[in-house]
Amino acid sequence: MTKFALLGCGRIGKMHAATISSAPGAELVAVYDPVTDAADAVGRSFGCKVAKDAAEAIEMADAVLIATSTPTHADLIEAAANAGKAVFCEKPIDLDLKRVVACRKAVSGLGVTIQIGFNRRFDPGHRALRDAVQRGELGELQQVVITSRDPHIAPRAYLQVSGGIFRDMMIHDFDLARFVLGEEPTAVFATGSALIERDLETELGDVDSAMVIMRTDSGKLVHINNSRAASYGYDQRLEAFGSKAMLISSNRSPNELRKFDGQFTDAGVPYYDFFPSRYAEAFSNGIISFIESIKNGSKPDSTFDDGEKALVLADAAVLSKKLGRFVKTSEITGAVS
Ligand SMILES: NC(=O)c1ccc[n+]([C@@H]2O[C@H](COP(=O)([O-])OP(=O)(O)OC[C@H]3O[C@@H](n4cnc5c(N)ncnc54)[C@H](O)[C@@H]3O)[C@@H](O)[C@H]2O)c1
């Protein structure tokens, strides 16, 4: 049995508590959140210890799941890894690439399993698409197209500390692109607008609608589009186009019922409303895969390095939008190495 400590009992922490509790071979033994009401509620629901601080929770566990606010991730990764515990940390590792590099250096050589919460890698449809690409079913992969639109824009308080659309939201899509490509994008062009909340750009320097084009050294092309509000639900589509075939991993609905009447043909029920339901299976598969990596001593399917490389692409996008030109990833990595 792998004993888990959960740090952070907010929106996603509560979901992870349920996922850990239902995962075979996992036991939630402790939770910690400085907001005691949040920690107490999870402790009560799942019958585990509410620790007095993060160190006590870490001490009790074999594996630590970090679902805290982003600025705390790197410190907690270091604390858990130094205590010899396996770590599952939500994305992003940090918003500052220099802090991510310092964290990598601090934990490398400790020999602990570290997995980053890029849940989309564990979605059955997205994974089947990647596996088909790897088996060569598309012939030569030429283009990857990712659509990722949230159902509604997050509250302003969240957007103020999110790190911006590229580092907070599109980071998932940068990772998904790398996952499918099997090679690194090396040039990034980004643009964006505030179309949903018009004052977002002037007030926070952020946008709510964004498009990115990326290119690998071998010439493969990626297009990612993000919106923070889609009127019809959570829109998650992944397409791979190759010399012999095209593959699509598409949106999911709670059921496949289709309605045909005088007003509509082929009208279905709405898509899943957001990430906890759309990616429930992926979150669960991610935890199961993490436990297997700990047991087998194998490399996780979503590594610290993946977290760092996705942030490099996000930083390149931020710079590209500012400068209005393609940015090479070497311009970003060269500045921190
Ligand atoms: N993989 C995904 O799809 C996904 C989805 C949502 C959020 N996230 C990530 O998960 C993280 C949490 O997001 P959220 O939406 O749940 O935020 P949230 O604000 O709802 O919850 C964060 C919780 O962490 C607690 N916390 C802060 N510092 C702590 C510390 N030192 N120790 C223990 N707890 C601490 C806060 O009190 C809060 O309850 C963020 O990094 C976010 O980017 C990932």
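Above this text is the structure in question.
Note that the structure is predicted; figures quoted are calculated from it, not measured.

Student: What am I meant to see in the overall build of the protein chain here?
Tutor: Summing up its helical and strand segments, the protein chain has 14 helices and 15 strands in all. Over its C-alpha atoms the protein chain spans a radius of gyration of 20 Å, differing by no more than 12% from the 20 Å that the globule rule assigns to 337 residues. Each principal axis of the C-alpha distribution contributes one length, and for the protein chain these read about 55 × 55 × 45 Å. Here the protein chain holds 337 residues, and 51% of them are scored as buried. For the protein chain, contacts bridging at least 24 residues in sequence account for 70% of all contacts bridging at least 6.

Student: Looking at this structure, I do not really get the packing of helix α5 (residues 97-107) against helix α13 (residues 304-323). What am I missing?
Tutor: To describe two helices that pack against each other, one gives the angle between their axes and the distance between the axes. Contact pair α5 / α13: the axes reach a minimum separation of 10 Å and the direction vectors enclose 165°. Accordingly, the angle class assigned to the pair α5 and α13 is roughly antiparallel. Of the two elements, α5 crosses α13, and the hand of that crossing is left-handed. Here α5 contributes L97, V100, V101, C103 and R104 to the contact with α13, which in turn contributes F304, E308, L311, V312 and D315.

Student: When you look at the site of the ligand in this model, what are you seeing that I'm missing?
Tutor: Close to the ligand lie 22 residues, the nearest being R11, I12, D33, T70 and H73. Side-chain polar atom of D33 to an oxygen atom of the ligand: 2.6 Å apart, as the coordinates give it. Protein burial of the ligand: of its 850 Å² of free accessible surface, 81% is covered by the chains. For the shell around the ligand, the class distribution of residues is 8 nonpolar, 10 polar and 4 charged.

Student: Help me out: how do you make sense of the pattern of salt bridges in this one?
Tutor: Should their charged atoms come close, side chains of opposite charge can pair. Under the counting rule described, the total for this entry stands at 30 salt bridges. The shortest N-O distance in the salt bridge between D168 and K91 comes to 3.7 Å. Of the two residues, D168 sits in helix α8 (residues 165-168) while K91 sits in the loop between β5 (86-89) and α5, which places them 77 residues apart along the sequence. The exposure classification of D168 matches that of K91, with both residues buried. Among the ionic pairs, R149 bridges to D235, the shortest N-O distance being 3.1 Å. Of this pair, R149 sits in strand β7 (residues 141-149) while D235 sits in strand β11 (residues 235-242), and the two are 86 residues apart along the sequence. With a relative accessible area of 23%, R149 lands in the partly exposed category. According to the relative accessible area criterion, D235 is buried, its value standing at 0%. What you see here is one network of salt bridges that share partners, running through R121, D175, R178, E184 and D306.

Reading the values: rules and limits
Residues numbered from 1 in each chain as written. Predicted model: local features only at pLDDT ≥ 70, side-chain atom pairs only at ≥ 80, totals over all residues. Heavy atoms only, no water. Helix = DSSP H or I, 4+ residues; strand = E, 2+ residues; numbered from the N terminus. Rg over C-alpha atoms; globule rule 2.2 N^0.38 Å. Buried < 20%, exposed > 50% of the residue type's maximum accessible area, 1.4 Å probe, protein only. Contact = heavy atoms within 4.5 Å. Axes fitted to C-alpha atoms, helices over the stretch in contact; angles between N-to-C directions. Parallel < 35°, antiparallel > 145°, perpendicular 65-115°, else oblique. Left-handed = near helix turned anticlockwise from the far one by under 90°. Near = heavy atom within 4 Å. Polar contact = N/O pair within 3.5 Å; in protein donor to acceptor, adjacent residues only side chain to side chain. Areas by Shrake-Rupley, 256 points an atom, 1.4 Å probe, with all protein chains shown as cover. Nonpolar A, V, L, I, M, F, W, Y, C, P; charged D, E, K, R; others polar. Salt bridge = Lys/Arg side-chain N within 4 Å of Asp/Glu carboxyl O.

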